[in-house]
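# Tertiary structure, described
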Amino acid sequence: MSASQTSDVPTLLVKIFGKDRPGITAGLFDTLAAYSVDVVDIEQVVTRGRIVLCALVTEPSQGLEGNLRATVHSWAESMKLQAEIISGIGDNRPRGLGRSLVTVLGHPLTAETAAAIAARITRSGANIDRVFRLAKYPVTAVEFAVSGTETEPLRTALVTDAAKLGVDIAVVAAGLHRRAQRLVIMDVDSTLIQDEVIELFAAHAGCQDKVAEVTEAAMRGELDFEQSLHARVRLLAGLDASVVDKVRSEVRLTPGARTLVRTLKRLGYQVGVVSGGFTQVTDDLKERLALDFAHANTLEIVDGKLTGRVTGEIVDRAGKARLLRRFAAEAGVPLSQTVAIGDGANDLDMLNAAGLGVAFNAKPVVRQAAHTAVNFPFLDTVLYLLGITREEVEAADILDLN
């Protein structure tokens, strides 16, 4: 029976709740089958061992509704469950236009915060259709399916509230594209890795403090990136090229980085990095993590020594956005299906060009401008913003071990 055919026919909402155990769902529908009803909708939730099972079915033949009610209640009692049956007309009311998915990351996620988010969604004119937990560690991640308002104004309202509430909130349009093939492009320094690569080189050259001062000013957007890059690289002039291998060994991946990349690759995503750092490190990361794309600046080496110069076109703020577009074209992925992750001011153009821009433990100016922010030290929390559950991540890990 189609949705149009059930719009004005009598229906019964059968609700079952109690302690979960195998066989409850089959038992309910075996009981209902004796009355030749059609199933219009089913919803089941299990929380801490307690089940709530709802079945919306057509009303049985005339004169049999009383028998159906008595039989369902008798079956529920035999299973030590409770039953409630509500008469009505037709199916669920249609969901409103404008459908979004609101992902909330909290550590912890308090009742006060959940109330504030739900209230803000309601004030926006939207309705919460479903709520689903994506993960319970290392953060609590919950997804709200929302309808009745457009995504952009909802995102603006909720992201503004996120900082005050002490949680991270991402709002994306719902639809088939959520699980379509996507391209994820990351910054490297302080995003994919915990370090600033030029500072690792500077430590070997004995000029770490001077380089760090320029780096911080550039990341805050106070200095032109290209000028600051040249100024910092000049300080490395004369350094022996053998230091490249030492720096590679010192690079520390961000917690969750391997899990993020591995999971995305298993799901068929393409993954890459763009960096204002150096190919001497990004090429190694590309090989280690089996990345699809990598692009960065290149330190010039002559006669086994760093010259204090870089070669080729500089990868700056605008260059990162150009590379995102180029990689998307090469991957055959629409720009709307891209995800960019970064932490600094030179990532802003890339974050804004992507379908979803994620500021990862970012500077304030970046958090304010990006689509969403993640302020937890685990890079794999980005998976939850894409609707990937912790259970899916762990199941894929088990498959790999087998």
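Residues numbered from 1 in each chain as written. Predicted model: local features only at pLDDT ≥ 70, side-chain atom pairs only at ≥ 80, totals over all residues. Heavy atoms only, no water.

## Considerations on the side chain of T307
Note on placement: T307 falls in strand β12 (residues 305-311). There is a polar contact of 2.6 Å between the side chain of T307 and the side chain of E300. From its side chain, T307 meets the backbone nitrogen of R309 in a polar contact 3.2 Å long. Sequence-distant contacts of T307, that is, excluding residues within four places in its chain, are made with A237, E300 and V302. (Helix = DSSP H or I, 4+ residues; strand = E, 2+ residues; numbered from the N terminus. Polar contact = N/O pair within 3.5 Å; in protein donor to acceptor, adjacent residues only side chain to side chain. Contact = heavy atoms within 4.5 Å.)

## Here's the deal with the domain arrangement of the protein chain
One can read the domain layout of the protein chain as domain 1 (10-89), domain 2 (100-174) and domain 3 (183-401). One C-alpha centre belongs to domain 1, the other to domain 2, and the line joining them spans 32 Å. (Domains from an automatic or database assignment.)

## Points about the packing of helix α8 (residues 243-250) against helix α10 (residues 279-289)
Put simply, α8 and α10 touch, their axes get as near as 10 Å, and they point 50 degrees apart. Taken together, the axes of α8 and α10 are oblique relative to one another. When the axes of α8 and α10 are compared, the crossing they make is right-handed. Residues V244, V247 and R248 of α8 pack against Q280, V281, D284 and R288 of α10. (Axes fitted to C-alpha atoms, helices over the stretch in contact; angles between N-to-C directions. Parallel < 35°, antiparallel > 145°, perpendicular 65-115°, else oblique. Left-handed = near helix turned anticlockwise from the far one by under 90°.)

## Some words on the packing of aromatic side chains
By convention here, two paired aromatic rings are described through the distance between centres and the angle between planes. Counted according to the given criterion, the structure contains two aromatic pairs. Measuring from centroid to centroid gives 6.1 Å for F201 and F278, while their planes differ by 85 degrees, and the two rings are edge-to-face. In this pair, F201 sits in helix α5 (residues 197-205) while F278 sits in strand β10 (residues 270-278), placing the two residues 77 residues apart along the sequence. Like F201, the residue F278 is buried in the burial classification. Consider the rings of F293 and F327, whose centres lie 4.7 Å apart with planes at 20 degrees: the pair is stacked. Of this pair, F293 sits in strand β11 (residues 293-302) while F327 is found in helix α11 (residues 317-331), placing the two residues 34 residues apart along the sequence. Under the relative-accessibility criterion, F327 is labelled buried at 2%. (Phe/Tyr/Trp six-rings, centres within 6.5 Å; stacked < 30°, edge-to-face > 60°. Buried < 20%, exposed > 50% of the residue type's maximum accessible area, 1.4 Å probe, protein only.)

## Focus on the sheet that holds strand β2 (residues 39-47)
Across the sheet, four strands lie side by side as β2-β3-β1-β4; this open sheet has antiparallel pairing. The outermost strands of the open sheet, each flanked by one partner alone, are β2 and β4 (81-89). Each strand of the sheet is rotated relative to its neighbour by a mean of 10 degrees, with strand direction disregarded. Judged from the eight bridges that link them, β2 and strand β3 (residues 50-58) form a sheet pairing that is antiparallel. What sits directly across from E43, in β3, is C54. Relative to the sheet, helix α1 (residues 24-33) contacts β1 (10-19), β2, β3 and β4, its axis offset from that of β3 by approximately 25 degrees. Those strands touched by helix α2 (residues 65-78) are β1 and β4, and its axis lies near 155 degrees from that of β4. (Pairing = 2+ DSSP bridges.)

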